[in-house]
Amino acid sequence: MSSASLIVGPDRNGRTVTIVDGVVAAAAPAGTPVLACADGEIAPGAVCAHTHIYSALAPYGMPKAEPAPENFVQILERVWWRLDRAIDPETLRAGARDYVAKALLAGTTTLIDHHESPNLIEGSLAILAGACEELGVRAVLCFGATERNFGRDEAMRGLAECRTLKPSRLVRGMVGLHASFTVSDETVAESGALARELGTATHIHVAEDGADVVDAKARGYAGPLERLIALGAIMPGSILAHGVHLDADQVRLAARHGAWFVQNPRSNEGNRVGYARNLSVVPDVALGVDGWDPDMAIEQAALSRLAAQNGDEAVAGDRAAGRLAAGHALMAQRFGLHPEPLAVGAAGDLVVRRSGTIADVVVAGRHVVADGRLTTGDAGALEAAARAEAARLWERMAQL
Ligand SMILES: [Zn+2]
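Residues numbered from 1 in each chain as written. Predicted model: local features only at pLDDT ≥ 70, side-chain atom pairs only at ≥ 80, totals over all residues. Heavy atoms only, no water.

Draft legend 1. Here's a closer look at the overall build of the protein. Within the protein, the secondary structure is distributed over 12 helices and 19 strands. Its C-alpha radius of gyration of 20 Å places the protein within 12% of the 21 Å reference for a compact globule of 400 residues. Here the C-alpha coordinates of the protein stretch approximately 65 × 45 × 45 Å along the principal axes. Counting the 400 residues in the protein, one finds 57% classified as buried. By element, 53% of the accessible surface of the protein is carried by carbon and sulfur atoms, the whole surface being about 14900 Å². When the 37 basic and 48 acidic side-chain charges of the protein are each reduced to a single mean position, those positions are 1 Å apart. (Helix = DSSP H or I, 4+ residues; strand = E, 2+ residues; numbered from the N terminus. Rg over C-alpha atoms; globule rule 2.2 N^0.38 Å. Buried < 20%, exposed > 50% of the residue type's maximum accessible area, 1.4 Å probe, protein only. Areas by Shrake-Rupley, 256 points an atom, 1.4 Å probe, with all protein chains shown as cover. Lys, Arg positive; Asp, Glu negative; His and termini not counted. Charge placed at Lys NZ, Arg CZ, Asp CG, Glu CD.)

Draft legend 2. Geometry of the coordination of the zinc ion. Distances from the zinc ion to its protein donors, His-50 (NE2), His-52 (NE2), His-205 (NE2) and Asp-290 (OD), fall within 2.0 to 2.2 Å. With 4 donor atoms in place around the zinc ion and angles of 90 to 162° between them, the coordination shape is irregular. Counting the intervening residues between successive donors of the zinc ion yields the motif H-x1-H-x152-H-x84-D. Highlighted residues: His-52 in the loop between β6 (46-51) and α1 (72-83) and Asp-290 in the loop between β15 (285-287) and α10 (296-309), separated in sequence by 238 residues. Both residues of the pair, His-52 and Asp-290, count as buried. (Donors = N, O, S within 2.8 Å, 3.2 Å for Na, K, Ca; no water. Tetrahedral: all angles 85-135°; square planar, octahedral: opposite > 155°, others 65-115°.)

Draft legend 3. The pairing of strand β13 (residues 239-242), seen in detail. Relative to β13, strand β12 (residues 202-206) is paired through 4 bridges, and the arrangement is parallel. Among the inter-strand pairings, Val-206 is bridged to a residue of β13, identified as His-242. Where β13 meets strand β14 (residues 260-263), 3 bridges bridge the pair, whose relative direction is parallel. The partner of Ile-239 across the bridge, within β14, is Trp-260. (Pairing = 2+ DSSP bridges.)

Draft legend 4. Examining the pattern of salt bridges more closely. Applying the stated criterion across every chain, the model contains 25 salt bridges. A salt bridge links Asp-249 to Arg-252, with the shortest nitrogen-to-oxygen separation between them at 3.1 Å. On the criterion of helical spacing, the pair formed by Asp-249 and Arg-252 is a turn pair, its members being 3 residues apart in helix α8 (residues 248-256). The class for Asp-249 is exposed, based on a relative accessible area of 55%. (Salt bridge = Lys/Arg side-chain N within 4 Å of Asp/Glu carboxyl O.)

Draft legend 5. Looking closely at the UniProt feature "domain: Amidohydrolase-related" (unreviewed entry) in the protein. UniProt's feature table lists "domain: Amidohydrolase-related" (unreviewed entry) at residues 42-366, given in the numbering used throughout. Annotated as 39% helix and 18% strand, the span residues 42-366 places its first and last C-alpha atoms 15 Å apart. (UniProt positions renumbered as here; feature names shortened; annotations may be inferred.)

Draft legend 6. Looking closely at the packing of helix α2 (residues 89-105) against helix α12 (residues 379-398). For the pair α2 and α12, interaxial distance at closest approach is 8 Å and the crossing angle is 140°. Relative to α12, the element α2 lies oblique. Crossing hand, α2 versus α12: left-handed. Along its contact with α2, which presents Glu-90, Thr-91, Ala-94, Arg-97, Asp-98, Ala-101, Lys-102 and Leu-105, the element α12 presents Ala-379, Leu-382, Glu-383, Ala-385, Ala-386, Glu-389, Arg-392, Leu-393 and Arg-396. Considering only residue class, the contact of α2 with α12 consists of 8 nonpolar, 1 polar and 8 charged. (Axes fitted to C-alpha atoms, helices over the stretch in contact; angles between N-to-C directions. Parallel < 35°, antiparallel > 145°, perpendicular 65-115°, else oblique. Left-handed = near helix turned anticlockwise from the far one by under 90°. Contact = heavy atoms within 4.5 Å. Nonpolar A, V, L, I, M, F, W, Y, C, P; charged D, E, K, R; others polar.)

What follows is the structure in structure tokens.
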């Protein structure tokens, strides 16, 4: 019997979910293992539709930037674009394992990641994929190509790294671009061509801050979205993170090209780039954490709060849950599965809650969290290893 087959339930509502070879099925062969949960409640696992696993070590004592950043580009230059250059294989592996463990324990069953490590391009996606496969989270991975450190050669190596990812039951690849403002026309065009060649789509930060808009206008485009479209980098399935500085017509334009948006409300608030007010004019908007801790209940609560503050009635209060439903459909599109969670043909990803807390987590039929404990690794040891690597990372960052 495949370890990807499992019958879960019936739960206290009488619900049973049957998973065969990682996918929800109408019936299972005799002898399929059963996870009983008569006192629990089955629910879909959560999809985090945009994150940066490479920033996993940041909570473990990352020194404050000096001098303190005063705008978004300074935050990138003084924090994240130093951290990413200091990443080596050991820090990436330790951070990834800890981040994946925390995601699973929070009931997040899919991570859609946008990776950058300019001094560790080749092999970086294999490290991330290895951690995801080992601990059992579903993942969509890409390397975010950029020219901001070493020019065109850097971008071509980033795109080539996207080509190396081998799809598996748990992992799919996309083609990443950092953002319009750090790449040339050639790189934008090549990213679109590569995504079409590989049968996937692009994953790009778009209009997170006004700086991206100013840059695209200086290059002669109406904005970064129009530039990406003109150069062929937006296609059905593309993931556009943020869209804070797009107007409603631009958001609709992206949707007509088949793109998804991912809103990252905690990150946008933290970076003081604004609230993504216009995303609600289209339905295909998922929720991401942009490198923050991968607990989607916390992100959803932040969205509820910020939507209410900003008069975004479409997602204020309980309606914020619609973003998570869109995330399921986004994940399903990448894996060729049914978009409705827990329907026959959908991903075999679910959680069992007891008294409101996550007790069990199943991903592609594999029982990865049991009674609130990770079954595929020692979460405490993974965090200790991550903290040890974090200390090394801060030393290297200080030398950059
Ligand atoms: Zn991001």
